Amino acid sequence: MLALIPSPFECEIQQGNYKLTQNSKVKSDFELSLLKAPRGEDAEIVIEKNPALSQEEYTLDVHSDGIKITASTQTGAYYALQSLRQLSRIELADGETPCCSIKDKPRFQWRGLQLDESRHFFGKEEVKRYLDYMFMMKLNVFHWHLTDDQGWRIEIKKYPLLTEIGSKREETHVDGWRTTHVVKGRYEGYYTQEDIKDIVEYARQRGIMVVPEIDMPAHFAAAMAAYPWLGCREIKTEVPGYFGGRVPLSRGIRDWNRTACMGKESTFEFVFNVIDEVCALFDAPYFHIGGDEAPRNEWKKCPLCQKVIQENHLNNEDDLQGWFNNRICEYVKSKGKRLIGWNEILSAKNLDHSVVAQYWTPKRDKHAERYVNSGGNMIMSNHKSFYFDMTYAQYPLKNTYEYSPEKFGVESRNMKNVLGVEGEMWTEWIDGREKLDLNLSPRIQALSEVAWSPENKSDWNDFKARLDLFKPFYKSLGRNYAVDSVSLVKNPFDRFYIKNKFYRGDTHLEVKLNKKFIAKGEK
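What comes next is a walk through the structure. Since this is a predicted model, take the numbers as computed values, not measurements.

A separate point is the overall build of the protein chain. Check the secondary structure of the protein chain and you find 18 helices and 18 strands. Computed over C-alpha atoms, the radius of gyration of the protein chain comes to 24 Å, within 12% of the 24 Å expected from 2.2 N^0.38 for 523 residues, which places it in the range of a compact globule. When its C-alpha atoms are laid out on the principal axes, the protein chain stretches across 75 × 50 × 45 Å. Looking at the protein chain as a whole, 60% of its 523 residues are labelled buried. Considering only contacts in the protein chain between residues 6 or more positions apart, those separated by 24 or more positions represent 72%. A total of about 20,800 Å² of accessible surface is found on the protein chain, and carbon and sulfur atoms cover 49% of it.

This next bit is on helix α14 (residues 443–452). Here α14 lies mainly inside the structure; ten of its ten residues are buried. The set of residues buried in α14 consists of R443, I444, Q445, A446, L447, S448, E449, V450, A451 and W452.

The subject of this paragraph is the nonpolar core. Within the largest apolar cluster, 143 residues are counted, with the highest numbers of intra-cluster contacts made by F142, W144, W152, L162, F282 and I328. Ignoring any residue separated from it by four or fewer positions in sequence, one finds F142 in contact with L113, L115, V127, Y130, L131, M134, I208, M209, V210 and V211. W342, M390, W426 and Y503 belong to the second largest nonpolar core, which has eleven residues in total.

Glancing now at helix α6 (residues 265–281). With 17 residues, α6 extends 25 Å between its outermost C-alpha atoms, agreeing within 8% with the 24 Å of an ideal straight helix rising 1.5 Å per residue. With twelve of 17 residues buried, α6 lies mostly within the body of the structure. Here α6 has its buried residues at T267, F268, F270, V271, F272, N273, V274, I275, E277, V278, C279 and L281. Where α6 is buried, its residues touch β10 (151–152), α3 (161–164), α4 (193–205), β13 (209–213), β14 (286–288) and α9 (317–334).

Our next topic: the pattern of salt bridges. Under the counting rule described, the total for this entry stands at 41 salt bridges. Sharing partners across several salt bridges, the network here consists of E126, R129, R433, D437 and R479.

In this section: the pairing of strand β6 (residues 96–104). The pairing of strand β1 (residues 10–19) with β6 spans seven bridges and is classified as antiparallel. By the bridge assignment, Y18 is partnered in β6 with T97. Judged from the five bridges that link them, strand β4 (residues 58–63) and β6 form a sheet pairing that is antiparallel. Residue pairing across strands places Y58 opposite D104, the latter belonging to β6.

Attention now goes to the packing of α14 against helix α15 (residues 460–477). For the pair α14 and α15, interaxial distance at closest approach is 11 Å and the crossing angle is 130°. When the interaxial angle is binned, α14 and α15 end up oblique. α15 is crossed by α14, and the crossing has right-handed handedness. Along the contact surface, α14 presents Q445, A446 and E449, while α15 presents F463, R466, L467, F470 and Y474. In terms of residue class, the contact of α14 with α15 is built from five nonpolar, one polar and two charged.

Our next topic: the sheet that holds β6. The strand order across the open sheet formed by six strands is β1-β6-β4-β5-β3-β2, and the pairing between neighbours is mixed. At either margin of the open sheet sits one strand with a lone partner, and together these are β1 and β2 (26–28). The mean inter-strand angle of the sheet, taken between neighbouring strand axes irrespective of direction, is 20°. As judged from the five bridges shared by strand β3 (residues 45–49) and strand β5 (residues 66–71), these two strands associate in the parallel manner.

Rules of the game
For every chain, the first residue of its written sequence is number 1, and the numbers climb from 1 along that sequence. Per-residue local features of the predicted model are confined to residues with pLDDT of at least 70, and side-chain atom pairs are confined, for both listing and counting, to 80 or more; whole-chain, interface and lining totals are unaffected and use all residues. Excluding hydrogens and water, the side-chain figures rest on all heavy atoms present in the structure. Every helix listed is a DSSP run of H or I at least four residues long, and every strand listed is a run of E at least two residues long, numbered separately from the N terminus. The globule rule is 2.2 Å times the number of residues to the power 0.38, and the radius of gyration it is compared with is taken over C-alpha atoms. For every residue, the accessible area obtained with a 1.4 Å probe (protein chains only) is divided by the maximum for its type, and the residue is called buried under 20%, exposed over 50%, and partly exposed between those limits. Whether two residues touch is decided by their heavy atoms; if any such pair falls within 4.5 Å, the residues are in contact. Every accessible area reported is derived by Shrake-Rupley at a probe size of 1.4 Å, with residue values counting cover from the shown protein chains alone. In these notes, a set of buried Ala, Val, Leu, Ile, Met, Phe, Trp, Tyr and Cys residues joined through side-chain atoms within 4.5 Å is what counts as a nonpolar core. Multiplying one less than the number of residues by 1.5 Å gives the expected span of a helix. Between Lys or Arg on one side and Asp or Glu on the other, a salt bridge is scored when a side-chain nitrogen of the former is within 4 Å of a carboxyl oxygen of the latter. Here a strand pair is declared whenever DSSP counts at least two bridges between the two strands. Angles run from 0 to 180 degrees between N-to-C directions of axes, and those axes are lines fitted to C-alpha atoms, restricted for helices to the stretch in contact. Oblique is the label for every angle not falling under 35 degrees (roughly parallel), over 145 degrees (roughly antiparallel), or within 65 to 115 degrees (roughly perpendicular). For any helix crossing, the convention is left-handed if the near helix is rotated counterclockwise from the far helix by under a right angle, and right-handed if that rotation is clockwise. Basically, the charged four are Asp, Glu, Lys and Arg, the nonpolar ten are Ala, Val, Leu, Ile, Met, Phe, Trp, Tyr, Cys and Pro, and anything else, Gly included, counts as polar.

Okay, structure coming up:
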């Protein structure tokens, strides 16, 4: 067994070891600016370019007299070095690297991880730390959730009020879904366009594509607080600090998840102008609009929206959203990009088939299954496996590792329509590094293996053994992580207790338990 996550496509373990040191030299056909090792013709590590390999593919051969890597791209070379980093454990021990021959390539082209910065804002350095971790685990898509009801986090120069007003709220919901407890106090933060460019370039150097999500037409309250005319009812509102659940109507926040008006051309002018600026900042060939959880009640009462339904011979408000999405899709296409939306958008019968659907719902969705099996592209992010904001008591680590698209109706012959898998880090109850790390690790290791390794290599016991060997890296990386008593919790009472406390008021319970178990010496 090689101490390597994700497990490679092919590997052969050989006799002996090769000892790497911090002073081991590298000779490379690639410009590897992120690699700090010394260079030299008498190098112990030789990296050669092989155009016959695919973009992220590499070979790694460790022999008793040296190490050879081949790749067709800089990214492939970096992935080989990340594998060597784990195998040599040079950050942790003496650099003794097992002799082996590895041929490796990814299972899925889309190996994603999302971060929601509307609910809680982390800032540029924390995002870079997130990207570094993705890079280590060979994840290549950073899905950046930049706008939602509770905060608009990206500078749009044509609409300055989006950040002057939309990036700030005066209270924040705390404790859990079934509580109504909010704390008063200004919460704010956003990225300038220069910040965005910096992060996109940082990701690019690590082979990571950054896909922005500008949520619409629902989850639009921050935008409507800045520009009330975006709604069917032009009423003045504040950016809500409430995350959902039991909404107290006495607080006057029943309108916290309103939808943009579909019947105003000014809505489309706004959206197109925002898309113009966002597309200029992100070079990814995708644009995510969310599109989930869109209430229909205002559209049903709005004469302008109803006029659109009549004039375009639409069946209902589902098709109205489909009509909206198609207009956005065409505009995004003019920018050389494909539209992505959460799987609720598939309820519209008139949706453009070029749209990529992201399947998140915990229950199986007949519309999603029909879409992917009829040729539509899909990203798999199903709730019970990939919603990393949930407690481990709700969704143990094994849920992530044992995920299969076939469990959600993807026929084997249509697996080619699945772009890949993605973990979601929603941050309603994740307010800082400690809890972010706990919820992410070791789920990110399980995600990386599902996304990268061949399906026939899936073996929970083997993965768990390799994960135990990986654990010293958490300390060297300065990362909190969930110990086994938290990530593998099996006791039905514990699971019920933690789930109940998570919903009703103690969203940091697992952090407290984790500290207790680590204090007892459990690793």
